[in-house]
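What follows is each chain in one-letter form.
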Amino acid sequence: MSTETEAPVAQTAGKIMLVGIGPGSVDHMTARARAAIAEADVVIGYVTYIKLVADLIEGKEIIRKSMTEELDRAVSALEAARAGKKVALISSGDAGVYGMAGPTYEVLFQSGWTPDDAVQVEIVPGASALNSCAALVGAPLTHDFCAISLSDLLTPWPTIARRLDAVAMADFVVALYNPKSGRRTRQIVEAQRLFLRHRRPDTPVAIVKSAYRRRENIVFTTLDSMSDADIGMLSTVLIGNSNTFVRNGLMVTPRGYANKYDMDGGATREGERAGRSLSTGLLGWLDTLAAEHAAGDSIATLAVRYRLPADYIQATLDEPWEAAAAAPTEETEA
């Protein structure tokens, strides 16, 4: 009889895969997202998201959590990974856009985890609501845009309101996430009030509910009527900028080609050069600003005219910039 004692088998640490499953349709899930779910031993997610991937998780350990249990999901994922399991922690859209990536890293760092830890972490990107909703209504995000969540469950309302006011004034196209719920009904009204301080009442708005899901619904409206529409937690609200238009049932934000080119023939407009900044770009504006100030316009007047901070106008005029104007090359347009 052998007297040798078998050495204990070292347990292999597991892996956390933060999977963005996209808008909810399996057709719009990335191949890597599908593969990550397939290789997972455990799938963790909000109950609604679990339903969206029901066809992909048969035979796996499933941990369902409610809407307000994000930290619990992350803790459960870490516990399972420490036990040697591969975990798919799923989020709708993209895990890094109002998803589980942030809370998970907070829990990981709190536990002492580092990137050198045996537990591996992978983020699997997915199409966020702003991408999927935009695709359904046209091309509203072709120019600068941002996303703001109206949920004040974790963010103070004054912070949200300042952000809304700033982006409304700055003429961003805006995607509003978490616009309204059964208990949170006034936030969308306050957002509308702040936007109307800076935007025309007829600014185009698209409201997309359950994009690419069974109860998908799309409504086109305007800023002054936005809060009267049917809006809920499954809705994303897209507010256009000053140039956004709706035509033939499509919401489009121009990139700005008409500022430089004749849209009929494609010829460059007088005073413009293909591949170079607009005549009203930075260097052209600096020339104009200096001329206006030299002609007697005060810093305060210029600040109001261009809707820019007076100290920025002053610093810009004080900064020597002739060398920049003489630069021989310039990057081409995208």
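As shown above, the structure is provided for reference.
Numbers given for residues are sequential positions, taken from 1 along each chain in its written order. Given that the model is predicted, a residue must reach a pLDDT of at least 70 before its local features are reported, and side-chain atom pairs must reach 80 or more before they are shown or counted; all residues, however, enter totals for whole chains, interfaces and linings. Water and hydrogen atoms were dropped before computing side-chain values, which therefore reflect all heavy atoms in the structure.

K.L.:
Explain the packing of helix α8 (residues 282-294) against helix α9 (residues 299-306) to me, please; I cannot follow it from the model alone.
P.N.:
For any two helices packed against each other, one specifies the crossing angle of their axes together with the interaxial distance. Between the N-to-C directions of two axes lies an angle of 0 to 180 degrees, each axis being a line fitted to C-alpha atoms and, for a helix, fitted only over the stretch in contact. By definition, any uninterrupted DSSP run of H or I lasting at least four residues is a helix, any uninterrupted run of E lasting at least two residues is a strand, and each is numbered from the N terminus. Running from N to C, α8 and α9 point in directions that differ by 140 degrees, and their axes come no closer than 10 Å. On the basis of their axis angle, the class for α8 and α9 is oblique. Considering how the two elements wind past one another, α8 and α9 form a crossing that is right-handed. Along the contact surface, α8 presents Trp285, Thr288, Leu289, Glu292 and His293, while α9 presents Ile299, Leu302, Arg305 and Tyr306. All residues other than Ala, Val, Leu, Ile, Met, Phe, Trp, Tyr, Cys, Pro, Asp, Glu, Lys and Arg, Gly among them, are scored as polar; the first ten of these are nonpolar and the last four charged. When the residues that make up the contact of α8 with α9 are grouped by side-chain class, the tally is 5 nonpolar, 2 polar and 2 charged. If an angle is under 35 degrees, it is roughly parallel; if it is over 145, roughly antiparallel; if it lies from 65 to 115, roughly perpendicular; otherwise it is oblique. Two helices cross in a left-handed way if the nearer one is turned anticlockwise from the farther one by less than a right angle. They cross in a right-handed way if the turn is clockwise. By definition, residues are in contact when any of their heavy atoms lie within 4.5 Å.

K.L.:
Sorry, what's going on with the sheet that holds strand β9 (residues 204-209) here?
P.N.:
In sheet architecture, strand pairing relies on hydrogen bonds along the backbone and comes in two forms, parallel and antiparallel. Taken in spatial order, the 5 strands make up an open sheet running β7-β8-β11-β9-β10, and their pairing is mixed. Edge positions in the sheet fall to β7 (145-149) and β10 (217-222), since each has one partner strand and no second. Across the sheet, the mean angle separating the axes of adjacent strands is 20 degrees when strand polarity is ignored. Direction of pairing for β7 relative to strand β8 (residues 173-177): parallel, over a ladder of 5 bridges. Pairing of alanine 147 across the sheet is with alanine 175, part of β8. Where helix α5 (residues 129-137) meets the sheet, its contacts fall on β7, β8, β9, β10 and β11 (235-239), and the angle it forms with β11 comes to roughly 70 degrees. One bridge is not enough; two strands pair if DSSP finds at least two bridges between them.

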